[in-house]
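Chains, contacts and geometry: an overview
Residue-level listing of the chains:
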Amino acid sequence: MNAIWLPEVIVLAGAIGTLAFGLAARRSKAMSDLAMTLALITVVVALLPTVGLIGTVEEGFAGAFRIDGLTLAFHLLILIGTGLVLLIARDGRSDGVPPQYLAEYAALLLFAALGGMLIAAAADLLLLFLGLELLSISSYVLVGLKKTHLGSTEAAMKYVLTGATATAVFAFGMSYAIGLTGTTDVYQIGQTMADAGFMARYGRLLFVAFFFLIVGAFYKLASVPFYMWAPDVYQGAPTAVTAFLATVSKASGMALVVRLFLGSFAWVAWEAQPNVIKNFWSESTPYIAALSALSMIVGNVLALKARDVKRMFAYSSVAHAGYLIIPLAAVNPMMIDQIVFYLLAYLLANVGIFAVIDQVGRDRGSYDLSAFSGLYHRAPLVAWALLLFFLSLAGIPLTMGFFGKLNILLGAVWGGHFVLAGLLVVTSVISYVYYFAVLKQVFMRPGTTERPLAFSFGTATVIALAVLGTLLGSLFPGEVMRTMQQAFDAVQMFGIYQGRL
Amino acid sequence: MPEVFPLLAAFVLTPVIGMLVVAFVPSREGGLLKTIGWVIPAVAFVFAAYAYAHFNIQSAEPQMKASWPLFSFTFPLYDPSINAFTFTDVSVPVALAVDGLSLPLVLMTALVTFMSALAVQSETRRLKAFFLFLFLLSVGMNGVFLAQNLIVFFVFFELTLVALYFLTAIFGGFGREKAATAFLVMNGLGSLVMLFVFVVLFQLTGTWEMRGIAEKLPLAAIDPTLKRTLFWLLVIALGVKLPIFPLHTWMLKVHREAPPAVVMLHSGVLLKIGAYGLIRFVLGFFPDLMPQYAPALALLGLVNLLYGGFAAFVQPDLRRVFAYASLSHMGIVLFGVAALNTYGLMGAVFQMVSHGLISALLFLLLGMIERRTGTSRIDELGGLARVMPTIAGMLLFAALANLGLPALSGFIAEFQAFLGLFLSPSWPIAACGLVGLGISAAYMLRAVLRTTFGPLGAEHAEVSDARPLEVVPMFVLAAAIILIGVYPNVLAVPLQATLYDVLGRIGG
């Protein structure tokens, strides 16, 4: 038996170690730096067994913990994202986070990442819930870390309240699902549902369970209907935490939705009337499509009005959640590849942009659009990097984001969702307006100062890595996709080939 | 030129090399940047001329193929023989080739790019960024007419979008940012609608290759409603670029705000991408639907022709007159396409090339006048023939070419397009269109005569005529216009084989 739990254990040990280290070395700046570095090392060390596990499909702890292609793909996304966020956080010390909390800062980021990893690995509703809560509660604290900052406290409060509601919704759905099927195992639920006569009898209640579960999980994705928290929370939180919410937290939410939908519900088929076979995914797809459509519209339209860059990215992240849900509505054999590829493109571009936002915000003391004016003259290379990130997010050809969107578009058309494909197209154009509004400031507006903007080591590293990753995905999209398919073999996992579609 | 030399690849990649070189030149080296700025397009023009010289006029097939892998992916495609989906490897190479339809446009693009690069010599602000984006635009323009599959076409198409956005937004006039945003949104919408259609076409045919789709699509069993929808979506998507009447507002803004050298390229080359797409995709992919909808396209053309013409007649500003004139002339391209016969299509392609050259010349001259007098308003200009005889004379020449004076390229184009439409079932529309020809004479002469003759404003008494270096692009463009006018076979001969091939598929 492989040590399938090793990545999680390393992160857990690192988190506890960092926390203990911080307690021991309170108020010493050098020690706080070391705590951040320790957290970073933890992430890198945890990456090694994750990569080593590639190709493994194994269950442990009585089927509650499952390592497969999906798990590993999301583990990698989460770990890479967390590592990059830690690099930003390490340099963003002056972003209002009191220095004595730095060790807690690092430890909480690790705990949150651990929650995400547990979600990705859980094949049992209880473990899923545990991971979700670990992620959520750590995030609440992270958002409120700028203790003396009113906006941050307000954001944390709002995040807790909406988060608690979403959790309640999720738990309610869970109670129905578990109560009706008598099991907590995700795959077992699906099998029980497939029993003859089961759906005819309890079908409606299971639909209720399904929608409560999915809607509760969408809270982490920041998609409609639980998106209201995003703008305030994104704006109030320390920038590194915002980056974490926009990328790692969203990826974890996606893992949760995918596992629940494809593991339990999607493939259940039943005889509704004599000789009329219905299946779950085709019954649920209009509703999921509606949520996706609303997210795309709401996110992109509201972003148009945002002047604060962090708020803008909150709305933009709602919009991207909408794009990410499309493959779930348009069920097709490549859906998981589409989601993971798009998430990777989105993660790289977003982390890179947040690194720049962090540095510019600290320099100018503002996150207003105008803080970016004249950046081209202050830091030309970073301006070009920013251009790449924005083009990738907007989905302009020859960037990774374009290939991501192309994949999703292909999948949407394959699944017969022409309306969603059309909306993806139209809302992407709307997104051009606000993405280019930032670029306009960067390249065209004269700034109040021409002083060169120096980028600290961590931020510069994040930007460089994000550029590298985006370029790699832009120049070799086919190879990246193939590597993903071979390494994680996500398509095989849910038996999408085996005549279920 | 030997077969092994990848001529077309060199043509497309020359501006890329230009971008790399410019990136490493410090921005204070203005003179060096300007030299690079015209040498690179000159080299590209030489490649284009070589392609013209070695083009096999007998063949309707794409020639001088160059191809290298871009990406490939596996995709579950429907296999009718086993009635199931099978995973198929789909590769998307950067495939370039030239045929009779793209050759004239490639040549025109290379020439206009070269000439506009010469016209840039007066630009002084932020030269480095200017040339970076100009070369990016050039990559897009060079590639778009040569692309052999839809993805590559789309990629080049979008490159022009990004490049022109920045060229307008950074270097434009007073309302540049609004104009650039309007351009970005309208064209972004157009191109993404096009991408949507492309994806559906791929889904239906299983290939991105243009020729493959043109062969498979008319034979495939497709829901007729879906097919009609795709047809009209494609017309709308390309209609934004062309532009077709209600979708044209962005184009006026760009014409008004962008720097003259950029408008030369925009009006000269970029509008033609829409027309090219109309022939290549709408006509090429849906030959069976075309006879049914040709009258509708002709009607759209008539609206363009008349609306543009009448609007141009009342504009107070030269830039706007020329912008509406472009709109009006694109109506004639629609006429030619809708005629669905050799004359009409020949006329459409001639009009694309001819209008590209003429409007480039018009905006080149306009740029010179603006720089000297600081205005482009007709009521503030007048009597320019006295102080700048060369420029004023060339302006008159361009105006005459534009209104279709025989022995110049505009005449050949308009004559053929109208003849084609008269011979087609939609001949009444052609008859109405004749009004448009009259009005085009009226607005061009009104605008040009009022600026070149009449009383000279006192504030313009000191302005100078064209410098020797500025004369070069004027005369080259004028020479090309005359050449096509007196010897149309330079274009007609290479076109023929391809046009017969396109027309042979029509009818359904």
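Residues numbered from 1 in each chain as written. Chains lettered and ligands numbered in written order. Predicted model: local features only at pLDDT ≥ 70, side-chain atom pairs only at ≥ 80, totals over all residues. Heavy atoms only, no water.

**Some remarks on the overall build of chain B**
Counting secondary structure elements, chain B contains 19 helices and 2 strands. Taken over C-alpha atoms, the radius of gyration comes to 22 Å for chain B, in line with the 23 Å a tight globule of 508 residues would show. When its C-alpha atoms are laid out on the principal axes, chain B stretches across 80 × 60 × 45 Å. Taken over 508 residues, chain B has a buried fraction of 65%. The long-range share in chain B, meaning contacts at least 24 apart out of those at least 6 apart in sequence, stands at 80%. Of the charged side chains in chain B, 27 are positive and 24 negative, and the gap between their average positions amounts to 6 Å. (Helix = DSSP H or I, 4+ residues; strand = E, 2+ residues; numbered from the N terminus. Rg over C-alpha atoms; globule rule 2.2 N^0.38 Å. Buried < 20%, exposed > 50% of the residue type's maximum accessible area, 1.4 Å probe, protein only. Contact = heavy atoms within 4.5 Å. Lys, Arg positive; Asp, Glu negative; His and termini not counted. Charge placed at Lys NZ, Arg CZ, Asp CG, Glu CD.)

**Topic: the overall build of chain A**
Helix and strand counts for chain A come out as 21 helices and 4 strands. Taking the principal axes of its C-alpha atoms as reference, chain A extends roughly 75 × 50 × 40 Å. Considering chain A as a whole, with its 501 residues, one finds that 66% of them fall into the buried category. In chain A, the share of contacts with a sequence separation of at least 24, taken over all contacts with a separation of at least 6, comes to 79%. Summed over all atoms, the accessible surface of chain A reaches about 16,300 Å², with 68% contributed by carbon and sulfur. (Areas by Shrake-Rupley, 256 points an atom, 1.4 Å probe, with all protein chains shown as cover.)

**Section: the packing of aromatic side chains**
Residue and element names in this part refer to chain B. A complete count under the given rule lists 62 aromatic pairs over all chains for this structure. With centroids separated by 5.1 Å and ring planes inclined at 70°, the aromatic side chains of Trp232 and Tyr293 adopt a geometry described as edge-to-face. With Trp232 in helix H8 (residues 224-241) and Tyr293 in helix H11 (residues 290-314), this residue pair connects regions lying 61 residues apart in the sequence. Judged by relative accessible area, Trp232 falls into the partly exposed class, the value being 27%. (Phe/Tyr/Trp six-rings, centres within 6.5 Å; stacked < 30°, edge-to-face > 60°.)

**Here's the deal with the packing of helix H5 (residues 125-143) of chain A against helix H6 (residues 150-181) of chain A**
Where H5(A) meets H6(A), the closest approach of the two axes is 9 Å, and the angle between their N-to-C directions is 170°. The pairing of H5(A) with H6(A) is recorded here as roughly antiparallel in orientation. (Axes fitted to C-alpha atoms, helices over the stretch in contact; angles between N-to-C directions. Parallel < 35°, antiparallel > 145°, perpendicular 65-115°, else oblique.)

**Structural notes on unusual backbone geometry**
Cis geometry marks the peptide bond from A:Val224 to A:Pro225; its omega dihedral reads 10°. Its location among the elements puts A:Pro225 in the loop between helix H8 (198-221) and helix H9 (229-236). Residue B:Leu242 is joined to B:Pro243 through a cis peptide bond whose omega torsion reads -10°. Checked against the element boundaries, B:Pro243 lands in the loop between H8 and helix H9 (249-257). At A:Ala222, a residue that is not glycine, the phi angle is positive and equals roughly 60°. Along the chain, the position of A:Ala222 falls in the loop between H8 and H9.

**A look at the interface of chain A and chain B**
With 37 residues of chain A in contact, the opposing surface of chain B contributes 38 residues. Carbon and sulfur atoms make up 79% of the area that chain A and chain B hide from each other, which totals about 3,600 Å². When the area that chain A buries against chain B is broken down by residue, the three leading residues are A:Leu410, A:Trp414 and A:Met444, summing to 18%. Connecting chain A to chain B are 1 salt bridge. One salt bridge connects B:Glu177 with A:Arg445, and the closest N-O pair in it is separated by 2.2 Å. Counting across the interface, chain A meets chain B through 4 residue pairs in polar contact (both at pLDDT 80 or more). Counting only elements with at least two residues in the side of chain A that touches chain B, the list comes to helix H14 (375-378), helix H15 (380-394), helix H16 (400-414), helix H17 (418-443) and helix H19 (477-488) of chain A. At 13 residues, the largest contribution of residues to the side of chain A that touches chain B is made by H17(A). Tallied by class, the residues present in the side of chain A that touches chain B amount to 29 nonpolar, 5 polar and 3 charged. (Buried area = accessible area lost by both parts, 1.4 Å probe. Salt bridge = Lys/Arg side-chain N within 4 Å of Asp/Glu carboxyl O. Polar contact = N/O pair within 3.5 Å; in protein donor to acceptor, adjacent residues only side chain to side chain. Nonpolar A, V, L, I, M, F, W, Y, C, P; charged D, E, K, R; others polar.)

**Thoughts on the pairing of strand E4 (residues 276-279) of chain A**
Residues and elements named next belong to chain A. Summarising the sheet, strand E3 (residues 269-273) and E4 pair through 4 bridges and their orientation is antiparallel. Its bridge partner lying in E4, Glu271 is registered against Ile277. Between E3 and E4, which pair antiparallel in sequence order, lie 2 residues; one of them, Asn275, sits at a positive phi of approximately 70°. (Pairing = 2+ DSSP bridges.)

**Considerations on the pattern of salt bridges**
In this structure the tally under the stated criterion is 20 salt bridges over all chains. For A:Asp232, the salt bridge identified is with A:Arg311, shortest N-O distance 3.0 Å. Taken together, the residues span a long stretch of sequence, with A:Asp232 in helix H9 and A:Arg311 in helix H12 (residues 309-329) at a distance of 79 residues. Residue B:Glu470 pairs with B:Arg371 through a salt bridge whose shortest N-O separation is 2.9 Å. With a gap of 99 residues between them, B:Glu470 in helix H18 (residues 468-486) and B:Arg371 in helix H13 (residues 342-373) connect regions that are remote in the sequence. Of the residues examined, B:Glu470 reaches a relative accessible area of 8% and is grouped as buried. The class of B:Arg371 is partly exposed, set by a relative accessible area of 42%. Via salt bridges that share partners, A:Glu59, A:Arg66, A:Asp68 and A:Arg259 belong to a single interconnected network.

**Thoughts on the confidence of the model for chain A**
For chain A, the average pLDDT comes to 88, and 96% of its residues sit at 70 or higher. Contacts from residues 497-501 of chain A, a stretch scored under 50 in pLDDT, to residues over four places away or in other chains number 15 contacts. (pLDDT = per-residue confidence, 0-100.)

**Digging into a nonpolar patch on the surface**
All names here are of chain A. Nonpolar side chains collect at one region of the surface, where Leu471, Leu472, Leu475 and Phe476 lie side by side and expose about 380 Å² of accessible area between them. With respect to the helices and strands, Leu475 occurs in helix H18 (residues 457-475). A relative accessible area of 53% places Leu475 in the exposed class. (Patch = residues over 30% accessible without salt bridge, like charges linked within 9 Å, V, L, I, M, F, W, Y side chains within 5 Å.)

**Details of the packing of H5(A) against helix H10 (residues 239-265) of chain A**
Residues and elements named next belong to chain A. Between H5 and H10, whose axes approach to 12 Å, the crossing angle comes to 165°. As judged from the angle between their axes, H5 and H10 are roughly antiparallel. As H5 packs across H10, the resulting crossing turns out to be left-handed. Counted together, Leu125, Leu128, Leu132, Leu135, Ser139, Leu142 and Val143 of H5 and Val241, Phe244, Leu245, Ser249, Ser252, Leu256 and Leu260 of H10 form the full contact between these two elements. Tallied by class, residues from the contact of H5 with H10 come to 11 nonpolar, 3 polar and no charged. (Left-handed = near helix turned anticlockwise from the far one by under 90°.)

**Examining the environment of B:Val112**
All names here are of chain B. Its place among the elements puts Val112 in helix H3 (residues 102-119). C-alpha separation for the pair Val112 and Leu13, spaced 99 residues apart in sequence, amounts to 17 Å. Sequence-distant contacts of Val112, defined by excluding residues within four places in its chain, comprise Met264, Leu265, Val269, Gly356, Leu357 and Ala360.

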